[in-house]
Structures are given as C-alpha cells and as structure tokens.
Amino acid sequence: MYISIQDLCFSYPDTNRAAVDHFSLTIGKGEVVSILGKSGSGKSTILRLLAGLEKPSKGSLCIQENVVFDDKVFLAPEKRGIGMVFQDYALFPHMTVQDNIKFGLSHLKKEEKKKRIQEVLELVELEDYGNRYPHQLSGGQQQRVAIARAIAPNPHLILLDEPFSNLDAELQVKIRKELRDILKKANITSIFVTHDENDAFALADWIIKLKDGRIDAMGRPCDLLGASRPSEIRQQEPELVGV
Amino acid sequence: MLRVKRNKGFLVEELGCWTVQRKLSNVNAWTVSAVIIMALLFLPNLTIVSGIFSPSNDNWAHMKEFVLGSFIKTSLILIGATGFLTIAIGLSLAWLIAQYQFPLRNFLKWALVLPLSIPPFIGAYTYHGIFNYTGVIQTTLRDGFGKDLNPAYFDIMNIPGAVFIYTLFLYPYVYSITRIFLSQQSASLIESARMLGKGPVNIFFQVVIPISRVAIIGGSSLVVLEVLNDYGVVKYYGIQTFTTGIFQSWFGLGDIETSIKLAASLMGFVIFILMAEKLLRGRRQYNYSTTKVRPLPLIRLKGWKAFMATGYGLLILSLGFLIPVVQLIDWTILTFGTIPTEEFLIYVKNSVTVAGISATVIIIFALIVGNFSRLVHGKAAKLLPKLTILGYSIPGAVIAVAVVTAFIGLDGFLAPLYRLLGVDHTLVLSVSLAMLISAYIIRFFAIGYNSIESGYDKIGTDFRDASRLLGVGLTKTFFRIDVPMLKGAIVSGFILVFIDVLKEIPLTLILRPFNFDTLSTKAFQYASDEKIMEASQASLVIVGISALAIVVFYKFLEKEPE
C-alpha cells in the first residue's frame, strides 16, 4: 500500500476525551480520500497529525514502506514530504504568487525552480498571475495558488483542510471539478476533510465518515450514496452515481 | 484500494504515558532559550520576596512603627484621588469624542493622547515654575494688574498638587482605552436606550458607565500603577511615599535591607491593588461583545453645546500639553547655550543608546518567548510568560532593589573568575551599564511582549505550519515568515519600550553607573537643584521624541484594520 495509517490516537492536552480514537486506513497511489464529519468530529486533527503539526499519542504512518512516525520515529513536518492546503490558504502575504510557490523548492537549482513554478502555474491555469500578491487575487485564484504551492515540491501526499469553505456556493461547484482534475492530472495521493457531503461525493474516490474521532462508515461514494446522501443532492447531480 | 481497520477500546494509561513523552519532545532550542529568558526576568524579583523573611533591623522597626502607616495612607490618597479624577476626565472626553461631532473633534481625538508624552516629573516642575513667585502667573498679576497675592495660594507642592499633575498627564490611559471601547462596542446598546426614550445624561450614567466598566478599570489600573511607580513628582514635591522611602533608606541611611523590606511592602500593596482590580473586573458580565463591530454614528452638536465640547477638549489639551510645552520652549530659548553642546549631546547619546539597546533586547526576548508560547501546548507555556510580564506592575524602585541584590550576588559568584582574569575589583557587573539595562528589560518587558504577542495572535499558526510543510525548519520559518509578518508589532513594540525607557526615572537614578547621565536624570537633577530653566532643554527633547512616537503610533494603529 502507498500510504498506511495504523491505530492513530490523539487527545488535546488538559482534556480526557480522545480527539482521534484508533484511526487506521490504507490508501493507494493517486487516490483521493475524503474524511467527512461534523465540526468537532476530529477530521482536521487527523490532518494535523498526519502533517506532523501535532504529535499522536499512539499509532504509525508509513509512506511507501518508509516510517514517518511510530513508537520510535517522529519526522518533523518539514521532513515528511507531505503538502497541505489550509482552510484559509495561508498564502504568505508579503510574497508574490511565484515566491509563494518557490518557497518550498529550495532543494532545486534556479532553472529547475523556474521550470517547476511554470509547470504548476500552468496546471492551475494561473500562468499570468506569478507576479501578483495574494491580496490581488480572487478567492478561487488564491485557492488554486495554495494548491500549486502544495504540489510544487512533488509531495507523496497532499492534505486539504475544508478546501471550499471560503468560497461562495457558485464558485464551489466550479472549483470542485477543477480540483479533482488537477489532483488526478498530477496523480497525487490526497486526503481532504470536509463537513459538506456534496464536496465528498463530487471529489473523492473513497469516503470515510468520522464521528467522535472514530470511523463511523466508509466506502466508495456510490456505496454510501443510497444510505446517506440526501435526495435533493441526488437530484442535483445524478451524473455522480457510479463514480 | 482502500482498507479500513476499526479498533475498539481506548487505553487511558497508555495515553497518559505518551502525553509525557509528547511534552518532552517539545524541548528544543526555542524552549530552552525561552525558559532561560523567563527565569532571568522573573528570578530577581524573588530576592524581594525572600527579603520579607530576613531578620529586621532598627531602621525597619522604626519605619514600621512611625512611617509605614503614613506611606500607605499617602499612597491611598494619591491613587484614590488621581484614579477618580482621571476616570472623570478620561471617560467624559472619551464619550464626547466617541458620540458627538463638533469643531476640532478629529484633531482632539488623537491630540488628547499627547499629555502622555510628558513624564509627570517634568510636568511637576514645569507647573511649579509657572505657579511660583517668579513664574508667569504671579509675575503677570504683580506687573500687569498690580496684585501681589499671598504666594501660599499658588503653592502646588503638596498632595493636591501632585494629584493635579498625575491627573493631567495620566488621564490619557483612561481616555484612549475607553474611547476605543466605546466607539467599537456600544452602538446597538446606545441606540436601544435612545429608542427607549432616554436622554444623553441618562444614557451616560445608565448605559455608558456600566458597559465601559472593564475599559475604565483597565485604564485606571494603569494610572494607579504609574502613580505607585512614580518617584520624580513625589520627590520634587516633598511627599513621603514608598518609593521615596526606598531611596531614603538606601542612599540616606545606607540600609539596603530596609529598602528590600519597604520594596516588599510596596509589592504587597501592588498585588493587593491588582487583586482588587481583578475582583472588580469580575466575570466581565458588563462586557458587551459582538462579532459585528459597528461604529457609533456621531451626533452633530450645534451652537453653545458644540462650543462647550470644543472648549472642554481644548482646555484639557492646553493644561496637559500645550501650556507646559510652551513654557518649556520659553525656558529653552532663555537658557539656550548654558549647557555645553558636547555635554548635551552625550546625554542624548546615552539616552538613545540605553533606550535602543533595551528596546532591541526586549523585542528579541519577546519574539523568543512569544514563539515558545505558541509552539508549546499546555497551561504552563501560557502561564509562564504571564508571570514574566508582572514586571510592569512592579514599581521601578522595587525592581532596582531586586536587580542590585541579584547583581551583587552574581559578582560574588563570579569573583574567582575576576581574580583569574586579573581584575582587582570585587564589583564588576553591578557597577556596569549591564545592570541598568537588565533592570529596564525586566521593567518594560511586558510592553514589548504584549505587542509581539498580539502580533502572533493576529497572524495565527497557519503560515508557520504551511512553511514547515513546504520543507522549511522552525528557525528558518521564524526568520522568513514570522518576522516579516510581525513587522508592525515589532516596530510598535520597539517604539513603546523606547519612549518608556527615555522617560524612566527611579531605575535610572538608582542603577546608572558613576558619571552616567541620561536626558531624564539630567532634567531631574537640574529641577531638583532648582535650575528649572536649565532642565527644560533635556525635557523638551524627551517630550518631542515621545510626542512624535505617540502620534506615529496612534496614527499607525488607526490605519490597522482591527
């Protein structure tokens, strides 16, 4: 398996309740997995644990047989080769779009950097926006820059935290499709968390429903569709059946 | 292909063991540096606490029996009267500016903060100079109107005079905090009161005062701390308080133990005041807050009401800033050239050097401690920095005693090293500039830290996390992401610390090395020697730099989106 998460446990300091409770899953290369849950269900915490921004109390993560963390090993976030797109994108406001993308490419030579920046900007269709500052971009453009920045260093895994929560409803529908295309084109394994079933059904190859830090249900979108998908969504987007 | 394992059970014991391990893993260079800095800032104050338990001597027994009661009484009168008057003036001005539109309102809005640029001791000697027998008031009455009134009528060198001085130069603390609060938080409540048929007077007493309680208490407790910290005004006006007592027993009687005991008593008094403030603040049940901040729509005043509002604002501004500054300019013109330029430039250089070094070190320390506080989870990481910033509520004279005691101890500890290096004195660090700068850092760390901490709060942790996930380590992230994004907080923190050090008196007087003078010590010395006019030049430079910094700072704050 490309990514293997085993028995992940975590609780925040000074609390007794487990935020993540014995969470395990394996993912194949290039697959898009959605973690779906209400707020407080522990979905964002799982992303932070995988990213190395929090330290789990138990569990392990292996990427291509390489241990990222377990009982003995704990790689710092900067050494994991995992990319992340934050809910508010976290684009560095004092850097241009190009500089934001270049930030994670310090291991490349100057020419290679230039080439890679161009590639990812083309991938997200923002070739002409390299010299702009984040505040000069729309919400959708900012999100695409955040994705470009995260995928530029060729991470093994990309994590997306509520990627559509800052967008208006109309833009959400458009960007959902774009994002799936970008992720598939780049063949990057991804996990994204959302509280919106529409996002999960539209984007994911696999869905995991989370409740109180534990897995409540899982399967392909089409498997979960009949059981839990609201009828109005089915009516709006019938083409998704059978993804 | 996706495979999910579902596990039952949850081992609490196992989790507990891992929590410890997780905490230990947070120990890195940032944590170590932050803990060392916090210890350095906090530990000297423990010498004061330990002083309480040391055996008493005759001086202390005498002080306790005859003087301590009067120190407490005088301090209570000073803080009570100043507190009441600064609230009356600060709140009324804040309400006028937040609620009404009248001529010169926009100018007065920021100009009313300017009295803060005049250190109270400079205000004290300037007003004494204005009111005394040769001052402008009595001279004008004698020469212009032939009235030779009893000079006792104009004597302000007493407790009411000190209250007058503190009120004029410290009310901006209440004014600025309350004005920001009122203009941001009160719109709906005041409009509701208006819809319920209440007039301006009823709204002021029944709505404005209760909802502003937290801001008023916050501002007035800063005033109280400043009054308790003050040495210049009470010394110049001959009023006996804790701080003058500490100086007297130290320099007059050469009795550092009694100074420590007095400092400990003052610290106890301050803790009592802070606890009372906390109690008064309660659970903030009067604090009306909403995420939708709506500015209060201004009511236009016309006719005599507009005239009165402008007149009141200008009167306070004149008393607190314009009159003393005009008087200082006049004296400066009269005495220009009496202090050799080279000598004066040395005072400027000394002041700028100690203020610059202190502000720089404080900002560096604040950046490290602030970063530690947000990197490390847990109550301890949040609580420790709070303990460190207590320094601001500890009066300068107390910190001076603590720092001297700690540095003398340090010199004793390092004595073998000094001998090894061929130094033939026993006191090295405790007679150096390092001691003064250390004391400034302890005293004013809170000011720099608050600024940096609010900067960290504003940028959050996502940028840092994003940087780390892009392969950049903690320290590099700090320099490439955090520092550029904290630029505003760094600049404002630096300015605030710089002007506070520039104005500082008790610490500088006690801890400066031999023959080392700053603008404020020189101004204080001239004034104490009744060379009021000569004191004006140094004072004017302090006021000029502080006023400029305050204007820049407030204009800068106004432009901030928050």
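Everything quoted here is computed from the prediction, not taken from an experiment.

### Considerations on the packing of aromatic side chains
Residues and elements named next belong to chain B. A complete count under the given rule lists 21 aromatic pairs over all chains for this structure. Ring centres of F71 and F242 lie 5.9 Å apart, and the angle between their planes is 55 degrees; on these two criteria the pair is classed as tilted. Here F71, found in helix α3 (residues 58-99), pairs with F242, found in helix α12 (residues 242-252); they are 171 residues apart in sequence, far enough to count as distant. Like F71, the residue F242 is buried in the burial classification. Ring geometry for F107 against W110: centres 5.6 Å apart, planes inclined by 80 degrees, an arrangement best described as edge-to-face. Of this pair, F107 and W110 both sit in helix α4 (residues 105-111), 3 residues apart, which is roughly one turn of the helix. Grouping aromatic residues by their ring pairs yields a cluster made of W95, Y100, F204 and F205.

### Observations regarding the pairing of strand β4 (residues 58-63) of chain A
All names here are of chain A. Here β4 lies mainly inside the structure; 5 of its 6 residues are buried. Bridging between strand β1 (residues 3-10) and β4 involves 5 bridges; their strand directions are antiparallel. Looking at the pairing, I3 lines up with I63 of β4. As consecutive antiparallel partners, β4 and strand β5 (residues 66-69) are separated by 2 residues, and within that stretch Q64 has a phi angle of approximately 50 degrees, a positive value.

### Notes on empty space enclosed by the protein
All names here are of chain B. One pass over the full model with this rule turns up 8 cavities of 30 Å³ or more. Approximately 290 Å³ is the volume found for the largest cavity. Looking at the largest cavity, it is lined by 21 residues, and the ones nearest its centre are P119, P120, E226, N229 and K503. Those elements that provide at least two residues to the lining of the largest cavity are α5 (120-131), α7 (159-185), α10 (213-229), α18 (433-459) and α21 (487-503). Here the lining of the largest cavity takes 3 residues from α7, the largest share from any one element. Considering only residue class, the lining of the largest cavity consists of 13 nonpolar, 2 polar and 6 charged.

### Quick look at the environment of K114 of chain A
All names here are of chain A. Looking at the element boundaries, K114 is found in helix α3 (residues 110-123). We classify K114 as exposed; its relative accessible area is 58%. Expressed as a C-alpha distance, the spacing of K114 and K102, which sit 12 residues apart in the sequence, is 8.2 Å.

### Some details on the sheet that holds strand β6 (residues 82-85) of chain A
All names here are of chain A. Within the open sheet, the 6 strands sit side by side as β6-β7-β8-β3-β9-β10. Their pairing is mixed. Of all the strands in the sheet, just β6 and β10 (214-219) have a single pairing partner and so form its edges. Across the sheet, the mean angle from the axis of one strand to that of its neighbour is 20 degrees, orientation sign disregarded. Where strand β7 (residues 157-161) meets strand β8 (residues 189-194), 5 bridges bridge the pair, whose relative direction is parallel.

### Describing a negative patch on the surface
A cluster of like negative charges, contributed by E122, E125, E127 and D128 of chain A, occupies part of the molecular surface. Position of E125 of chain A relative to the elements: it lies in the loop between α3 and α4 (139-151).

### With respect to the side chain of K503 of chain B
Residue and element names in this part refer to chain B. Summarising the element assignment, K503 is placed in helix α21. Although buried, K503 forms no salt bridge, and the nearest oppositely charged side chain, D500, lies 4.5 Å from it. Residues in contact with K503, not counting those within four places in the same chain, are L116, P119, F121, S520, I542 and S546.

### Structural notes on the nonpolar core
In terms of nonpolar packing, the biggest core is built from 210 residues, with F23 and I191 of chain A together with L511 of chain B touching the most fellow members. Setting aside anything within four residues of it in sequence, one finds I191 of chain A in contact with I5, I27, V33, I35, L47, L50, L157, I158, L159 and L160 of chain A. Formed by 37 residues, the second largest nonpolar core is a distinct cluster that contains Y89, L105, L137 and L183 of chain A.

### Quick word on α12 of chain B
With 8 of its 11 residues buried, α12 of chain B lies for the most part within the structure. Taken as a whole, α12 of chain B has its buried residues at F242, T243, T244, G245, I246, F247, S249 and W250 of chain B.

### Re the packing of α3 of chain B against α10 of chain B
Residue and element names in this part refer to chain B. Contact geometry for α3 and α10: axes closest at 9 Å, N-to-C directions at 140 degrees. Judged by the inter-axis angle, α3 sits oblique to α10. Crossing handedness for the pair α3 and α10: right-handed. Between α3, through S75, L78, I79, T82, T86, I87 and L91, and α10, the contact on the second element is made entirely by I216, S220, V223, V224, V227 and L228. Classifying every residue of the contact of α3 with α10 by side-chain character gives 9 nonpolar, 4 polar and no charged.

### What to know about the pattern of salt bridges
Counted by the stated rule, this structure contains 17 salt bridges over all chains. A salt bridge links E162 of chain A to K43 of chain A, with the shortest nitrogen-to-oxygen separation between them at 3.6 Å. Here E162 of chain A is found in the loop between β7 and α5 (169-186), whereas its partner K43 of chain A is found in helix α1 (residues 43-51), with 119 residues between them in sequence. We classify E162 of chain A as buried; its relative accessible area is 7%. For K43 of chain A, a relative accessible area of 5% gives the class buried. With a closest N to O distance of 2.9 Å, E119 of chain A and R116 of chain A form a salt bridge. Remark: R116 of chain A and E119 of chain A occur in helix α3; sequence separation between them is 3 residues, near one turn of the helix. One network of salt bridges, with partners in common, ties together R48 and E54 of chain A together with R464 and D465 of chain B.

So, how was this worked out
- Residue numbering note: each chain is counted from 1, following its sequence as written.
- Chain letters and ligand numbers both follow the written order, the letters beginning at A and the numbers at 1.
- Under the rules for a predicted model, residues below a pLDDT of 70 receive no local features and side-chain atom pairs below 80 are neither given nor counted, while totals for whole chains, interfaces and linings still include all residues.
- As a convention, hydrogens and water are excluded, and side-chain values are obtained from all of the structure's heavy atoms.
- Side-chain rings of Phe, Tyr and Trp (the six-membered ring for Trp) are treated as a pair once their centres are within 6.5 Å; stacked means planes under 30 degrees apart, edge-to-face means over 60, and tilted covers the remaining angles.
- Numbering goes from the N terminus for both helices and strands, where a helix is a DSSP run of H or I of at least four residues and a strand is a run of E of at least two.
- Under the scheme applied here, a residue whose accessible area is under 20% of the maximum for its type counts as buried, over 50% as exposed, and between as partly exposed, the area being computed with a 1.4 Å probe on protein chains only.
- Here, a strand pair is defined by DSSP locating no fewer than two bridges between the strands.
- In this analysis the probe radius is 1.4 Å and the grid spacing 1 Å, with only protein atoms considered; a cavity is a set of points the probe fits into but cannot get out of, a pocket is an open set with protein on both sides within 12 Å along at least five of seven lines, and lining residues have an atom within 4 Å of a point.
- Grid points are joined across faces, edges and corners, and a volume is the space filled by probe spheres set on the points.
- Each residue gets one label: Ala, Val, Leu, Ile, Met, Phe, Trp, Tyr, Cys and Pro are nonpolar, Asp, Glu, Lys and Arg are charged, and the others, such as Gly, are polar.
- For helices, the fitted line uses only the C-alpha atoms of the stretch in contact; every axis is such a line through C-alpha atoms, and the angle between N-to-C directions lies from 0 to 180 degrees.
- Excluding any residue in a salt bridge, patches collect residues exceeding 30% relative accessible area, merging like charges within 9 Å and nonpolar Val, Leu, Ile, Met, Phe, Trp and Tyr side chains within 5 Å.
- In this description, accessible areas are obtained by the Shrake-Rupley approach with a 1.4 Å probe, and a residue is regarded as covered only by the protein chains that are shown.
- The term salt bridge refers to a side-chain nitrogen of Lys or Arg lying within 4 Å of a carboxyl oxygen of Asp or Glu.
- Residues counted as positive are Lys and Arg, residues counted as negative are Asp and Glu, and His and the chain ends are not counted.
- To locate a charge, take NZ of a lysine, CZ of an arginine, CG of an aspartate or CD of a glutamate.
- Note on contacts: a residue pair qualifies if any of its non-hydrogen atoms lie within 4.5 Å across the two residues.
- Think of a nonpolar core as a cluster: buried Ala, Val, Leu, Ile, Met, Phe, Trp, Tyr and Cys residues, connected wherever their side-chain atoms sit within 4.5 Å.
- Here the angle decides the label: under 35 degrees means roughly parallel, over 145 means roughly antiparallel, 65 to 115 means roughly perpendicular, and every other value means oblique.
- Left-handed describes a crossing in which the near helix is turned anticlockwise from the far one by less than a right angle; the clockwise case is right-handed.

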